[in-house]
Amino acid sequence: MDKPWKISRGPIAATELDVEKANAINSMLIRPVGVLPAKPGDPVLPFAVGLFNELRPLLKPEAGVTTLRRATAAYVHCRRYYFASAQPDSMRHNIDGEPVEPLSAEDRLVAQKRFLSLKQSAKAEAPEPAPVPPPVLSKNEQIRAALLRGRKSTVS
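Every chain is numbered independently, its residues counted from 1 as its sequence is written. Residues qualify for local features only when their pLDDT is at least 70, as the model is predicted, and side-chain atom pairs are given and counted only at 80 or more; totals for whole chains, interfaces and linings, by contrast, use all residues. In computing side-chain properties, one takes all heavy atoms of the structure into account and sets aside hydrogens as well as water.

J.: I tried to follow the overall build of the protein on my own but got confused; where do I start?
T.: Counting from the N terminus, the helices are the DSSP runs of H or I reaching at least four residues and the strands are the DSSP runs of E reaching at least two. Counting its regular elements, the protein contains six helices and two strands. Taken from the N to the C terminus, the helices and strands of the protein come in the order α-α-α-α-β-β-α-α. Using a 1.4 Å probe on the protein chains alone, a residue whose accessible area is under 20% of its type maximum counts as buried, one over 50% counts as exposed, and one in between counts as partly exposed. The 156 residues of the protein split such that 32% are buried. Should any heavy atoms of two residues lie within 4.5 Å, those residues are considered in contact. Within the protein, residue pairs in contact and separated by at least 24 positions form 72% of the contacts whose partners lie at least 6 positions apart.

See below:
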């Protein structure tokens, strides 16, 4: 996988989890920012380079920079963000959600590799379905089954 994808999947829609992560970021800011999804189905927008430096001045006095950095990292290191960044037509967006420049082929390739890696690890972590236990037979049913098995072997 040395080449970025050539076929676009279009805008990548945010899930409920993506919106929760975006809300965690917005809750630390004095105003919500347009680059983050407000509801499920809104597009996941890749950030412009240096966007975190634009978020810091919007930080509420009681919120810590480290907490904002962690919340932002949790958002940008998720599968859907990487998927949105890996698209051939992906653009970087400013704090208001306006496109400012296309992602470089190198950045798209890195996002593509990370997306596929996260997707693969999610499949590996999926729990195996629990085996269905055999039906519990009553004593009479067990005897009947044993007699029928014995009858088949003598008939043959």
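Having seen the structure, we can now continue with the description.
J.: Teacher, can you tell me more about the pairing of strand β2 (residues 99-102) here?
T.: Regular strands place their side chains on alternate faces of the sheet. With three bridges connecting them, strand β1 (residues 91-93) and β2 associate as antiparallel partners. Bridge assignment links Met91 to a residue of β2, and that residue is Pro102. One requirement defines pairing of two strands: DSSP has to find at least two bridges between them. Hairpin connection between β1 and β2: a loop of five residues separates the two successive antiparallel strands, and Gly97 in this loop has a positive phi of roughly 90°.

J.: Could you clarify how one ought to interpret the nonpolar core in this entry?
T.: The nonpolar side chains of soluble globular proteins are, as a tendency, buried together. Definition used in this section: a nonpolar core is a set of buried Ala, Val, Leu, Ile, Met, Phe, Trp, Tyr and Cys residues joined via side-chain atoms within 4.5 Å. Residues Val33, Leu36, Phe47, Leu55, Leu68 and Tyr75 are the most contacted members of the largest nonpolar core, which totals 32 residues. Those elements that provide at least two residues to this core are α1 (16-27), α2 (51-55), α3 (65-76), α4 (79-86) and α5 (105-125). No other element matches α4, which puts five residues into this core. Not counting the four nearest positions on each side in its chain, Leu36 is found in contact with Ala22, Ile25, Asn26, Phe47 and Tyr75.

J.: What exactly am I supposed to notice about the packing of aromatic side chains here?
T.: Two aromatic rings are characterised by how far apart their centres lie and by the angle between their planes. For Phe, Tyr and Trp, where Trp contributes only its six-membered ring, two rings pair if their centres lie within 6.5 Å, and the inter-plane angle classes them as stacked under 30 degrees, edge-to-face over 60, or tilted in between. Using the criterion set out here, one finds six aromatic pairs in the structure. Note on Trp5 and Phe115: the rings are 6.0 Å apart at their centroids and 85° apart in plane angle, and the pair reads as edge-to-face. With Trp5 in the segment before α1 and Phe115 in helix α5, this residue pair connects regions lying 110 residues apart in the sequence. Taking the relative accessible area as the measure of exposure, Trp5 reaches 22% and is therefore partly exposed. According to the relative accessible area criterion, Phe115 is buried, its value standing at 10%. Considering the side-chain rings of Phe83 and Phe115, the 4.5 Å spacing of their centres and the 20° angle between planes classify their relative orientation as stacked. Placement of Phe83 in helix α4 and of Phe115 in helix α5 is noted, with a sequence separation of 32 residues between them. Owing to a relative accessible area of 16%, Phe83 belongs among the buried residues under this scheme.

J.: Honestly, the packing of α1 against α3 in this entry has me stumped. Any pointers?
T.: Helix-helix packing is characterised by the crossing angle of the two axes and by the distance between the axes. Helix axes are fitted only over the stretch in contact, all axes being lines through C-alpha atoms; the angle between N-to-C directions runs from 0 to 180 degrees. In contact at an axis separation of 9 Å, α1 and α3 are set at 160° when each is read in the N-to-C sense. Judged on the interaxial angle alone, α3 and α1 are roughly antiparallel. In this structure, the crossing between α1 and α3 has a hand that is left-handed. Within the contact between the two elements, α1 uses Asp18, Lys21, Ala22 and Ile25 and α3 uses Leu68, Ala71, Thr72, Ala74 and Tyr75. Orientation is classified from the angle alone, with under 35 degrees giving roughly parallel, over 145 giving roughly antiparallel, 65 to 115 giving roughly perpendicular, and any other angle giving oblique. If you view the pair so one helix is near and one far, a crossing is left-handed when the near helix is turned anticlockwise from the far one by less than a right angle, and right-handed when it is turned clockwise.

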